[in-house]
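One-letter residues, chain by chain:
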Amino acid sequence: MYHLLKGLHEYLTRKEEFSVLILGLDGAGKTTFLEKVKNLYTGLPSLPPDKIGPTVGQNMGKISLPSTILQFFDLGGQSGIRSIWHRYYDDCHAVAYMVDAADIDRLNEGWEVFDSILSSPQILNVPLLLLANKQDDPGSLSVEEIRQNYEQWYQAKKDGARRIYGEGGDDRHERFASLDVMGVSGLEGTGVQAAVDWLFIRVQNSRRPDDRKG
Ligand SMILES: Nc1nc2c(ncn2[C@@H]2O[C@H](COP(=O)(O)OP(=O)(O)OP(=O)(O)O)[C@@H](O)[C@H]2O)c(=O)[nH]1
Ligand SMILES: [Mg+2]
């Protein structure tokens, strides 16, 4: 009887687990952000910023929310490591792409990488959130400026491609038009809970066809 009740209790209180990828160029602030998420949701202290080095491979962090567990994968953003990102695409339920909104010189490079994610077939129906990080930095671009910056970059790329290939499809631009962009500071924690809330809500509605409950 005890085992039956225990099994029933476990069945009723089990949590569904979802994987969230945090992607972006090296130095965008992904690991600092994940440390803040872990601190806010588990109560454990964040690693001090001066103890966070460039990620070689991945960092993971699990947080428990009502009836849900979010498992974050923070992947190293250096160009040599980006080639492994695609291995995670099939099993993820959401992607947070982070840009350093204060590093204007590297935004174009960040958009090139973002564009390759937008055009990945495995990511097509996965919720995608764009995070404009380092909002605490007085030199950072606002959410609206980040949107405009991407639009300008995209337009320039499209104009260049049209000259070479003629008119083509515009799927990525359509996806961007409906994309949510949120301003955060992983260092100070501003906007971090709003971003996690966004991911929490979206993953519930985006189960992959082969996902099993439990
Ligand atoms: N001002 C400010 N600095 C930040 C913020 N988040 C991260 N940083 C700094 O940005 C630098 C890079 O942060 P990381 O978290 O290591 O960046 P990353 O995206 O994980 O980099 P890789 O692991 O190389 O891909 C560090 O010096 C951080 O302290 C932020 O919100 N505001
Ligand atoms: Mg890192």
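See the structure printed just above.
The shown structure was predicted, so the numbers you read here are calculated from the model rather than taken from an experiment.

## Examining unusual backbone geometry
Thinking step 1. For S67, which is not glycine, the phi torsion reads 55 degrees and is therefore positive.
Thinking step 2. Topologically, S67 is positioned in the loop between β2 (58–65) and β3 (68–75).
Thinking step 3. For S67, a count of 10 C-beta atoms within 10 Å translates into the label exposed.
Thinking step 4. Even without a glycine there, the phi angle at K134 is positive, about 70 degrees.

## Topic: the site of ligand 1
Thinking step 1. Surveying the vicinity of ligand 1 reveals 22 residues, the closest of which are D26, G29, T55, G77 and L187.
Thinking step 2. Here the residues of the shell around ligand 1 are counted per class, giving 5 nonpolar, 12 polar and 5 charged.

## Quick look at the sheet that holds β2
Thinking step 1. As summarised here, the arrangement of the 6 strands in space is β2-β3-β1-β4-β5-β6, forming an open sheet in which the pairing is mixed. What marks the edges here is a single partner per strand, and that holds for β2 and β6 (180–183). Across the sheet, the axes of successive neighbouring strands diverge by a mean angle of 25 degrees, strand direction being ignored.
Thinking step 2. Bridge analysis of strand β4 (residues 94–100) against strand β5 (residues 128–133) gives 6 bridges, and the strand direction is parallel. Bridge pairing links D100 to N133 in β5.
Thinking step 3. Strands β1 (16–24) and β4 of the sheet are contacted by helix α5 (residues 107–118), whose axis makes an angle of about 170 degrees with β4.

Here is what the cut-offs are and how they apply
- Residues numbered from 1 in each chain as written.
- Chains lettered and ligands numbered in written order.
- Predicted model: local features only at pLDDT ≥ 70, side-chain atom pairs only at ≥ 80, totals over all residues.
- Helix = DSSP H or I, 4+ residues; strand = E, 2+ residues; numbered from the N terminus.
- Buried ≥ 20, exposed ≤ 12 C-beta atoms within 10 Å, placed from the backbone.
- Near = placed C-beta within 6 Å.
- Nonpolar A, V, L, I, M, F, W, Y, C, P; charged D, E, K, R; others polar.
- Pairing = 2+ DSSP bridges.
- Axes fitted to C-alpha atoms, helices over the stretch in contact; angles between N-to-C directions.
- Contact = placed C-beta atoms within 7 Å.

Distances and angles like these do not, on their own, reveal function.
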